[in-house]
Every structure is written in structure tokens, then in C-alpha cells.
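Examining the three-dimensional arrangement
One-letter residues, chain by chain:
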Amino acid sequence: MTLGIGVVGTGQMGRYHVERLATSVLDAQVVAVSDVFVDGAKQVADGVGARVYADGHELIADDQVQAVLIASPGFTHEEFTLSCLAADKPVLCEKPLAPAIDACLRVLEAEAAKPRRLVQVGFMRRYDDGFRALKAAVDGGQLGRPLLLHCRHRNASVPPGFTTDMMITDSVVHDIDVTRWLLGQEITAATVYKARPSSLAPEGLQDPQMVLLETSEGVLVDVESFVSCQFGYDIRYELVAESGTVALGEHPGVQLRRDGQHHGPIPADYRERFGDAYQRELQEWVTGVLEGRVVGPSAWDGYATQAVAEAAVESQAKGGRVAVELVERPALYA
Ligand code: ISE
């Protein structure tokens, strides 16, 4: 059996997913793509023999489209996800589920009324070997109760127009998601501290920052967000538990020792660092949908992450600790 997939949005991430779906994901076929920039969409469609739409809702209504991947700009995610829910089609929505809590809640409410989950949110780190090993170590319990989590999230640089709040909403959201998933706890408060800005950061960007998160069971989590670190894409994690620590290993690749020095590669960006994770995310989604289940990061995860992100953005703007309030978790996400 092959899953007919429609991809909404053929910008950078949309193209990245289309290429992977067309070349290396088993049992997947891209049957339609859409974008408001139709010429770009046509180019992508021609490469894989798919139909083209200017309007994502028309793509979702296409009978050949059995499942939808949304990679259009964040502000369109709510309407397209709701449209998929109305059509009863499984949907993998890139993060964010929606860029505002109210919008996330509307999606949550629409899905919670269904007998089964249809929505998955694109938090791909959960599919990375290293992050999975970290979770297995925490769940295995040999280290005792987690106490602290140190997260480092560094990008070499950011595109023009990247703003200080996007350091949270575009970048730290991944650390928020990993924290909740790794610890199996909700985040109850966020406090943001701004370091003096790097002279190499774009004008006006308050980079780097430290985000302090508190969880429901009292674990403290610090996240360094540094989006113009210059040297590469650098993701580090260390969990401190009662009787030991567990850390993500260095990215695989050869390590060279010569002339009294050692050298190793640093990935250029998240697509290189998490290429395998994206692959697994798509493959597990396709296989699951063909078997009638959606089990990846849920709309609840998308909502809870957005709620924490908004608290952190408020702390960024006003200073101080901001508490996170969540609605009651619907039974569908138990
Ligand atoms: C980017 O949008 C991503 O989603 C990456 O995973 C993240 O690490 C990066 O910081 C973001 O800008």
C-alpha cells in the first residue's frame, strides 16, 4: 500500500520534505503540492509528478490526498490543520502547531471531539538516535530521579528578519518540547535572562539568552539560546540525576588526531544535524498512518509548548518569572 500525500507549502522545509518523501520514504507518494507562490510549487511538483494547487484547502479536498504535510508559514497552520480535521485526514504539521495559544486551543478542541488522533506536530528531535538514547537512560531509572537539565542550542547564524522573540518561538520551542518529553512533566514557569549581545549578532538581536524553565516536579532546566554563534550548529544536552549524569554524544563523524590536535566536524545547520531524525519522523508517520494510527508529538504537545513559549516571550519583554497555566488535558491525549 502507498500513502498519497499532499504537501502544503513549498518553501525551504516543504521542498526538503518533498524530496525525502519522493526518494527515501517507503510507501509514500507525493501526489499534490500547494503554495501561494504557484511557480515555485510547479517546479517542485514537476520534479515528483504531483498536481499543483495555489490554495492549500483545495489540496486537502483532493480525493487522491490521503494525508497532509503542512510546511507553510506558521500563521497558516491553524486553518490548514482544521481543514484536515474537517476532512478526517491525518496531518503532520511543522512546528508551531499555531503561533498563538488560542489558535492551538481551537485545533485541540476540534481534534479532541474525534474518536482518534489525526494531528502530529513536527518536533523531530524525538526521532534522533541520541535523544532517544537519552530518554531510554532516563526512563530506565538507573540514574535515579532527574534534578537538572542543561540544554545548549546554538545556530551559526539566522536569516534576515529574525527577531529576539523568535529565539524562543522558532528555536527554544524544540528544547521546551524535549524537556516535556524527556522528563514526562509539564513546564510550570519560565524566566529569561539576556546576556550582553554578541557584537557579531545582527543589529538589535538580543543574542545570546538563558532561559530557565521549572517543571511540575521541580526539575530546573537551563537553555542557552545563541543563534549567531558563528562556528556551526551545536546542540548539547546533559541531564543530572540523583546518582549520575547522562549527556548527548558528539555528532557522529570521524575525529581526526594529528600534530598534537584533534579535529571533528560540526554540522552546519539543523537539516544536517537532524537529517536522520527527519527521515525517521517521516517514515514512522507514513507507516503509522497506513496502519491507522498517529502516535508522534500531539496537538497537546503543540499547545503546551506554545503556552511555555508565550510565557518565555513575556519574561523576555517584561523581565521576571512568568507562570504557565494549561487547560485540562482532554482524554484523547491521556
Ligand atoms: C529552526 O527553525 C529549527 O526548527 C531548528 O530545529 C532549530 O534548531 C533552529 O534553531 C530554528 O531556527
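The preceding data block contains the structure.
Residues numbered from 1 in each chain as written. Predicted model: local features only at pLDDT ≥ 70, side-chain atom pairs only at ≥ 80, totals over all residues. Heavy atoms only, no water.

It is worth spelling out the site of the ligand at this point. Taken together, Lys95, Met124, His153, Asn155, Asp170, Ser171, His174, Tyr233 and Tyr270 are the residues near the ligand. Within the side chain of His174, an N or O atom sits 2.9 Å from an oxygen atom of the ligand. Here the shell around the ligand is composed, by residue class, of three nonpolar, four polar and two charged. (Near = heavy atom within 4 Å. Polar contact = N/O pair within 3.5 Å; in protein donor to acceptor, adjacent residues only side chain to side chain. Nonpolar A, V, L, I, M, F, W, Y, C, P; charged D, E, K, R; others polar.)

On to the sheet that holds strand 8 (residues 187-194), then. Taking strand neighbours across the sheet as the criterion, the seven strands line up as 12-11-7-10-9-8-15 in an open arrangement whose pairing is mixed. Single-partner strands in this sheet number two, and they are strand 12 (244-247) and strand 15 (321-323). Adjacent strand axes in the sheet meet at a mean angle of 15°, parallel and antiparallel pairs treated alike. Looking at chain direction, strand 9 (residues 209-215) and strand 10 (residues 220-226) are connected through six bridges and run antiparallel. Within strand 10, the residue paired with Met210 across the bridge is Glu224. Running over the sheet, helix 10 (residues 299-318) touches strand 8, strand 9 and strand 15 and is turned about 35° from strand 8. (Pairing = 2+ DSSP bridges. Helix = DSSP H or I, 4+ residues; strand = E, 2+ residues; numbered from the N terminus. Axes fitted to C-alpha atoms, helices over the stretch in contact; angles between N-to-C directions. Contact = heavy atoms within 4.5 Å.)

Of the strand pairs in this sheet, strand 7 (residues 146-154) and strand 11 (residues 234-241) are connected by eight bridges, and their pairing is antiparallel. The residue bridging Arg154 from the neighbouring strand is Asp234, located in strand 11. Here seven bridges tie strand 7 to strand 10, and the two strands are oriented parallel to one another. Across the sheet, the residue bridging to Arg154 is Phe226, located in strand 10.

With the rule as written, the count across this model stands at 25 salt bridges. Across the pair Glu250 and Arg236 runs a salt bridge, and its minimum N-O distance is 3.6 Å. Here Glu250, found in the loop between strand 12 and strand 13 (256-258), pairs with Arg236, found in strand 11; they are 14 residues apart in sequence, far enough to count as distant. Classification of Glu250 by relative accessible area gives exposed; the value is 55%. A salt bridge links Arg271 to Asp269; the shortest N-O distance between them is 3.0 Å. With relative accessibility at 22%, the residue Asp269 sits in the partly exposed group. Linked through salt bridges whose partners overlap, the residues forming this network are Arg126, Asp177, Arg180, Glu186, Asp301 and Arg329. (Salt bridge = Lys/Arg side-chain N within 4 Å of Asp/Glu carboxyl O. Buried < 20%, exposed > 50% of the residue type's maximum accessible area, 1.4 Å probe, protein only.)

This part covers helix 1 (residues 12-23). For helix 1, with twelve residues, the first-to-last C-alpha span of 17 Å sits near the 16 Å given by 1.5 Å per residue. Among all positions of helix 1, only Met13, Gly14, Tyr16, His17, Val18, Arg20 and Leu21 are buried. On its buried side, helix 1 packs onto strand 1 (3-8), strand 2 (28-34), helix 2 (38-48), strand 4 (67-70), helix 8 (270-273) and helix 9 (275-290). (Expected span 1.5 Å × (residues − 1).)

What follows covers the pairing of strand 11. Burial runs high along strand 11: six of the eight residues are buried. Bridging between strand 11 and strand 12 involves four bridges; their strand directions are antiparallel. Each bridged residue has a counterpart across the sheet, and for Leu239 the counterpart in strand 12 is Val246. Following strand 11, the chain reverses through two residues before pairing antiparallel with strand 12.

With that settled, consider the sheet that holds strand 5 (residues 91-93). Overall, parallel pairing links the six strands, which are arranged 3-2-1-4-5-6 in an open sheet. One side of each edge strand has no neighbouring strand; the edge strands of this open sheet are strand 3 (51-53) and strand 6 (119-121). Neighbour-to-neighbour, the strand axes of this sheet turn through a mean angle of 25°, independent of strand direction. For strand 2 and strand 3, the ladder comprises three bridges, and the chain directions are parallel. The partner of Ala32 across the bridge, within strand 3, is Arg51.

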